[in-house]
There are 2 protein chains.
Amino acid sequence: MNRLQKCLANYVPLSPLTFIKRASMVYSNRTSVVYAGVRFTWRQTYERCCRLASSLRFLNVVKNDVVSVLAPNVPALYEMHFGVPMAGGVLNAINTRLDARNIANILRHSEAKIFFVDYEYVPLASETLRLLRTELKECSIVEDDMPLVIVIDDIDTPTGVRLGQWEYEQLINHGNPQYHGEELEDEWDAIALNYTSGTTSNPKGVVYSHRGSFLSTMSLINGWEMSTEAVYLWSLPMFHCNGWTFTWGVAAKGGTNVCIRKTTAENIYMSISEHKVTHMCCAPTVFNILIEAKPHERRKITSKINILTGGAPPPATLLETMEDLGFYITHAYGLTEATGPALVCEWQTKWNQLPKDHQAKLKARQGVSILSLADVNVRNKETMESVPHDGTTIGEIVLRGSSIMKGYLKDEKETAKAFEKGWFLTGDVGVIHTDGYIEIKDRSKDVIISGGENISSVEIESIMFKHPDILETAVVAMPHPRWGESPCAFVVLKKPGSTTESEILVYCLKHMPKFMVPKKVVFVKELPKNGTGKVMKMELRKVAKSLQIFETTPTYNKRSDKGSH
Amino acid sequence: MNRLQKCLANYVPLSPLTFIKRASMVYSNRTSVVYAGVRFTWRQTYERCCRLASSLRFLNVVKNDVVSVLAPNVPALYEMHFGVPMAGGVLNAINTRLDARNIANILRHSEAKIFFVDYEYVPLASETLRLLRTELKECSIVEDDMPLVIVIDDIDTPTGVRLGQWEYEQLINHGNPQYHGEELEDEWDAIALNYTSGTTSNPKGVVYSHRGSFLSTMSLINGWEMSTEAVYLWSLPMFHCNGWTFTWGVAAKGGTNVCIRKTTAENIYMSISEHKVTHMCCAPTVFNILIEAKPHERRKITSKINILTGGAPPPATLLETMEDLGFYITHAYGLTEATGPALVCEWQTKWNQLPKDHQAKLKARQGVSILSLADVNVRNKETMESVPHDGTTIGEIVLRGSSIMKGYLKDEKETAKAFEKGWFLTGDVGVIHTDGYIEIKDRSKDVIISGGENISSVEIESIMFKHPDILETAVVAMPHPRWGESPCAFVVLKKPGSTTESEILVYCLKHMPKFMVPKKVVFVKELPKNGTGKVMKMELRKVAKSLQIFETTPTYNKRSDKGSH
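Scoring rules and cut-offs
Residues numbered from 1 in each chain as written. Chains lettered and ligands numbered in written order. Predicted model: local features only at pLDDT ≥ 70, side-chain atom pairs only at ≥ 80, totals over all residues. Heavy atoms only, no water. Core = buried A, V, L, I, M, F, W, Y, C linked by side-chain atoms within 4.5 Å. Buried < 20%, exposed > 50% of the residue type's maximum accessible area, 1.4 Å probe, protein only. Contact = heavy atoms within 4.5 Å. Least-squares fit on C-alpha atoms with pLDDT ≥ 70 in both. Axes fitted to C-alpha atoms, helices over the stretch in contact; angles between N-to-C directions. Helix = DSSP H or I, 4+ residues; strand = E, 2+ residues; numbered from the N terminus. Parallel < 35°, antiparallel > 145°, perpendicular 65-115°, else oblique. Left-handed = near helix turned anticlockwise from the far one by under 90°. Nonpolar A, V, L, I, M, F, W, Y, C, P; charged D, E, K, R; others polar. Pairing = 2+ DSSP bridges. Right-handed = clockwise from strand over helix to strand, strands pointing away. Domains from an automatic or database assignment.

Peer 1: Mind showing me how you'd approach the nonpolar core here?
Peer 2: It is characteristic of soluble globular proteins that their nonpolar side chains tend to be buried jointly. If you look at the biggest cluster of nonpolar residues, it comprises 203 residues, and the most contacted ones within it are Phe116 and Phe246 of chain A together with Phe116 and Phe246 of chain B. With near-sequence residues (within four places) excluded, Phe116 of chain A lies in contact with Leu52, Leu56, Val67, Ser68, Val69, Leu70, Met80, Ile150, Ile152, Tyr168 and Leu171 of chain A.

Peer 1: Help me out: how do you make sense of the relation of the copies chain B and chain A in this one?
Peer 2: Two copies of the chain are present, and they differ by a rotation about an axis and a shift along that axis. Each copy superposes on the other: chain B lies on chain A with an RMSD of 0.1 Å after a rotation of 180° and an axial shift of 0.0 Å. In symmetry terms, the pair is related by a two-fold rotation axis. Closest approach to the rotation axis among the C-alpha atoms of chain B is made by Asn222 of chain B, whose C-alpha sits 3.1 Å away. Same-surface contact between copies: 100% of interface residues of chain B are shared with the interface of chain A.

Peer 1: Explain the packing of helix 7 (residues 210–223) of chain B against helix 9 (residues 246–253) of chain B here, please?
Peer 2: Two quantities define a packed helix pair, namely the angle between the helix axes and the distance between the axes. Residues and elements named next belong to chain B. Between helix 7 and helix 9, whose axes approach to 9 Å, the crossing angle comes to 65°. It follows that helix 7 is roughly perpendicular to helix 9 by the angle criterion. Classified by chirality, the crossing of helix 9 by helix 7 is right-handed. Across from Ser213, Thr217, Leu220 and Ile221 in helix 7, the residues of helix 9 making contact are Phe246, Trp248, Gly249, Ala252 and Lys253. When its residues are assigned to classes, the contact of helix 7 with helix 9 shows 5 nonpolar, 3 polar and 1 charged.

Peer 1: Help me understand the pairing of strand 26 (residues 484–493) of chain B, please; the structure alone is not making it clear to me.
Peer 2: For a regular strand, the rule is simple: side chains alternate between the two faces of the sheet. All names here are of chain B. The element strand 26 is largely enclosed, with a buried count of 8 among its 10 residues. Two strands pair when backbone bridges link them, and strand 25 (residues 470–480) and strand 26 are joined in this way by 10 bridges, in the antiparallel orientation. Paired with Val475 across the strands is Ala489, a residue of strand 26. Connecting strand 25 to the next strand, strand 26, in antiparallel fashion are 3 residues. Where strand 26 and strand 27 (residues 520–523) come together, 4 bridges link them in parallel fashion. Considered in strand 27, the bridge of Phe490 is made with Val522. As a crossover connection, the stretch from strand 26 through helix 16 (residues 501–511) into strand 27 is right-handed.

Peer 1: Even after reading the chapter, I still don't get the domain arrangement of chain A, so can you show me in this structure?
Peer 2: By a widely used convention, the size of an interface equals the accessible area lost when the partners come together. Split by domain assignment, chain A resolves into domain 1 (17–432) and domain 2 (448–561). Inter-centroid distance (C-alpha atoms) of domain 1 of chain A to domain 2 of chain A is 33 Å.

Here's what the structure looks like:
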């Protein structure tokens, strides 16, 4: 058995690049990408990627060179997902919501060789480059180490805005369509670099391998059961874990990418009606955009649209409203380090018989591991033992498998911290239900430990979120003289002044165990958020800490409650 | 980028074994296997596999040891697909239609350490063992080199039939459920050994790696779009390329395996009605079994059943009849060396608008490569250039990718012949249509070269097959004084004497180009077939060669046809 050797015919390095080559062969005349008035076939998209790759080689991009890009969901960003690695480069799609300082840090840390900038982001990029130049000068680094800047003009309606010598379409035009990319020697080679949003620490550069990306893509199109001829709307930024791998996945299925510059209600409804969208991914905030759309922005939806979403579980009423509109939601859980979603809540037909609110509860769970993960566990942080499948015992979620990142770029310490005894530590806590489905309860650091009880802040938030007057809420730990920590809720009301702290506390007492009820409610105009829209709980914890001094016993907290909470 | 190393958390060898471990976690209470009155959940099946693996270790099975099995589609054979490799062994599922001589050859060539025998095959196995013992003695090999024989009694209705000391359920009972298998060190390690049917030469032992099987499984559940909660009927023998990888695939999807001992109309219809079967694979001969079922064998089919089939493309009328019955057919193409299907005819929605006979034509094509294949090509055997996508130019189909076999066991010469310049040569010829779909025209050696024209015998056969009086037909090359070769058709009539040679030739002339019309029609009672039911064209070619002497110019072949044919 051992004498049979690997050869070129039976051992080909795994890479998402095989997906587009295959698509150009077997789906050659099907529509690959649409954007405004622009439409390509898979044969054309592949040719454009070949041209891009050959131009990048011409610009001296070699293996492991980082190619950064600051762009919305336009065709160029899609093409870079193939063209950059075809040239041997590593794609670094930057979050467009970051500020110049953050972006300059990323360019410097990644030593980006090329910096693609969509015309809309030219002002931000200019400021970024100014900061970067100053920094590099301070370190006595020469101008040559600045990335080469290439602007991406709008392909449908060119604006003429420029930054630097080159424009993206020039690269395409001058490229060689006969160039089919560098031979990939090792599937462990890097394909992409994605910086974490860094809610709690400095952004870290997460490196994906060709192997990991291939496996994650295969597993996700399978886990979500994405069909052939899928029409995929780009409502999720491609810079989020390479669009949760669906940049590569749509090529694997020979589907159609519908690109939109902005995730507005009008753009989404228009695309659905015009291109018969079947699939889209998005954050739960997009649900509100769709529900609150004005009549002139809406279009009639004639067939089911599948949505894959992550983040906070949407409440039952929201799910129902969305389904009435024609959107069928699947909940997932992931993180940058796991090449996007790691768990998908696979729906079971028998659940269709259940009452809607029960369905919503099942749907709010994050579900089962994707196939590329060899193992998932939820374990007690102290004993390292698996928690029982009881739906209540909380533990840390740990993952193992070939779709986990290679590690953090130039950060051995953080890489070593993330991997422990053969597992990747997510830092998230959850439970395993009796049917094997996992439900996330919180980020490890967001768990509130009160009187020895672990309280999930997410759980309190999701209950409070159902209060009719509450628009948004975030719950954090607040020091408590008796219980060590206790929950403190920050609340944004739909209409300021429409309710009071004690009214909300009475509501909480009615809907959650007493020990979970926040000891304090703080009304705020808005919650502090980072570049990707995540609530910065660290900030809130600081506020909560200062509040503690002034804490008074809430009205409902009678003396008879002594000894319990 | 290069400094980031593989570790246990981010590099796990790919193996189908992860599917069943995952199934036992996330689909623990769902039904895994049903067989007659027996029913298991995924937790139970996993536990049984663990027990089996631990017992095999107890019986001294170590890494790379071959474990052979002669059994129909019973739960034991399914469990061996996981239990044997968990112990480090290599599963060798033997075609039950072979004779004792063939099976003895396989046991000897593979050096099988264990030989599992279903109770029904005890007489065949006894004869096999007698032959093997004689052979080994002749080579002065000691008794110790005989495989250990373990009988598999019927799990639902034990018969008491025994051969050797052990019975399968004993192994299960004595096994350790806490044993989770040997750690897989290298995904290139062997998992299965399947002998080719050998229509033209000695059977060859095709070795699959864990990596190849994992990738092939992932690609096939994707290419066929097999859904979660699939109920898969075992109408295809598991010994055919490990059931075209669906042994592992059903575990990946957490579906249900419906095992049947015999592929009869009654068993199939009963299973469909009782277990709500959604998917099945089979050879086209099973279609006739289903269509010709007697009224008492039939059951009403209430929801669509997906069939994946290979082999000769079924004619339009047959497809239509099958669809009327509730069976929706997808055509595929594969071979043992490619871990089963390599091409799947992905259906396109727009084709639903076409007339039924046009749909049948599209459905008869073998389609597009599965995702684990990095590349597929159809190339001219002399120039090695790709054929144009024109649907008419014939070339050899060559494959490359990680789901191709490791090679042939102990046969370096044949392995080297199969792999050439980075490709696996299928020996099959076909065309690429303008839409990128591949259609197989023939086995290379079955192409008839007449007057410089390549004639596909399969094409003639599929046209003749539509003749209302013809039950079966096989076309081979016959030497021809003017054209070098010419087609000779062997025909089995539904009712002997119902038609004549000249009537059939007139029919052919009406439905195919003149050069393709057989120069001779031979009526036979039945076609010579090998153990797997494949027509042995080599035999027919011998007959055709002898016929040539007596050939007379068929009546339609007038003198005016000189210079053309």
